[in-house]
Each structure stands twice: as C-alpha cells, then as structure tokens.
Amino acid sequence: MGYKIHKYNIQTRCPVCNGLIFMDSNGNGEKCPNCSWVKSTIHEEFPDRIICPNLISLNKAKQLYRTGKPFTPDFNDFIEGFNFYGEMEFTYKETVYCLMAVQDIGLEFWGINTSLYETFKDIEEFKQKAQIDNKLVKNIWNEVKNAHWLQ
C-alpha cells in the first residue's frame, strides 16, 4: 500500500484573504499563492488553535493579513505548536535549533553543528531556562527566523 497523493482539484476561497485556491474532497488544500495560508478543515473547526501545517491560528492569520503584517509566529505560538506537534525548529543567527519531545527524557534542545545540547523535564522548564549565547530563548525571539515544524 503506497502513500496516497492528495488531489487538490476543487476550487474554493482562502479563509484568510479570500483568494482562489484548490482543495481536496476532505477540505484540505494548497498553500494560498496570495497570503501563504495552507487550507485545513481543522483550522476552520478550531480557529484559535495552532495546528500543523500553519504555525499561527486562523484568527491570528486573518488579523495579521488585515493589518498587512507577515504570518510570523511569536514565542507563545511556537510553544503551542510544540504542544500540538512535539517537534519544532527555528533559526537564530544562521544556526538551526531543534526542540523535540523524547520519551523518558522530556525535551531535547540542540543547535545543529554546535555544542549546545540540553534536556528539560517539560515545556515549562524549557520556557524558563532554555538559552542560546547566555540569553533566554524567549528573550531573543524577535531575532528568530524560520520557526516551523521540525522537517
């Protein structure tokens, strides 16, 4: 049994910007070429929650779009995304950092091609103690780029 390819062949409107997009018969769709929102029926059912594949909520995306701001997740969005998915990554000063839930450990936090490797018992400890360059991650978040689900 192979992987089933979704056919995005039903024309619809983007729930954020109202642009034309295509979706499959389940109501999930492609990335909007106008605003970059990825259509998902679960976002429409829970518009205030952060759910893969988007790293902000549908209602936040609508608000950001109306004000002309990019769909950039804040630290709380990142944490909520982690709570949903269990694996996240972001870039800070050209280095990719990863956060992953690991059974019997809690959380692993590391920087690719760095010596940084830490474990935390839970997400609350990560929020309060995780550091890069002796700065709390939550305090440098405005310098973070490319926050998204671990690829």
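What comes next concerns the included structure.

How each quantity is defined
Residues numbered from 1 in each chain as written. Predicted model: local features only at pLDDT ≥ 70, side-chain atom pairs only at ≥ 80, totals over all residues. Heavy atoms only, no water. Helix = DSSP H or I, 4+ residues; strand = E, 2+ residues; numbered from the N terminus. Contact = heavy atoms within 4.5 Å. Polar contact = N/O pair within 3.5 Å; in protein donor to acceptor, adjacent residues only side chain to side chain. Phe/Tyr/Trp six-rings, centres within 6.5 Å; stacked < 30°, edge-to-face > 60°. Buried < 20%, exposed > 50% of the residue type's maximum accessible area, 1.4 Å probe, protein only. Lys NZ or Arg CZ within 6 Å of the ring centre and 35° of its normal.

### Re the environment of lysine 60
Within the secondary structure layout, lysine 60 lies in helix α2 (residues 58-66). For lysine 60 and lysine 7, which are 53 residues apart along the polypeptide, the C-alpha to C-alpha distance reads 28 Å. Leave out the neighbours within four places in its chain, and lysine 60 touches Thr72, Asp74 and Asp77. Separated by 2.4 Å, the side chains of lysine 60 and aspartate 77 make a polar contact.

### Examining the side chain of aspartate 77
Tracing the backbone through its elements, the reader meets aspartate 77 in helix α3 (residues 75-85). Residues in contact with aspartate 77, not counting those within four places in the same chain, are Ile50, Leu55, Ile56, Lys60 and Thr72.

### Looking at the packing of aromatic side chains
As enumerated under the stated definition, the model contains 12 aromatic pairs in all. Both rings, one in phenylalanine 78 and one in tryptophan 141, keep their centres 4.8 Å apart while their planes meet at 45 degrees; by these two values the pair is tilted. With phenylalanine 78 in helix α3 and tryptophan 141 in the loop between α5 (137-140) and β9 (145-149), the pair connects residues that are 63 residues apart, well separated along the chain. The burial state of phenylalanine 78 is the same as that of tryptophan 141; both residues are buried. Between phenylalanine 90 and phenylalanine 109, the ring centres sit 6.3 Å apart and the planes meet at 25 degrees, which makes this aromatic pair stacked. Here phenylalanine 90, found in strand β3 (residues 87-92), pairs with phenylalanine 109, found in strand β5 (residues 106-111); they are 19 residues apart in sequence, far enough to count as distant. Both residues of the pair, phenylalanine 90 and phenylalanine 109, count as buried. Among the aromatic residues, ring-to-ring pairing joins Phe75, Phe78, Phe90, Tyr97, Phe109, Phe120, Phe126 and Trp141 into one connected group. Between the NZ or CZ atom of arginine 49 and the centre of the ring of phenylalanine 46, over which it lies, the distance is 4.9 Å.

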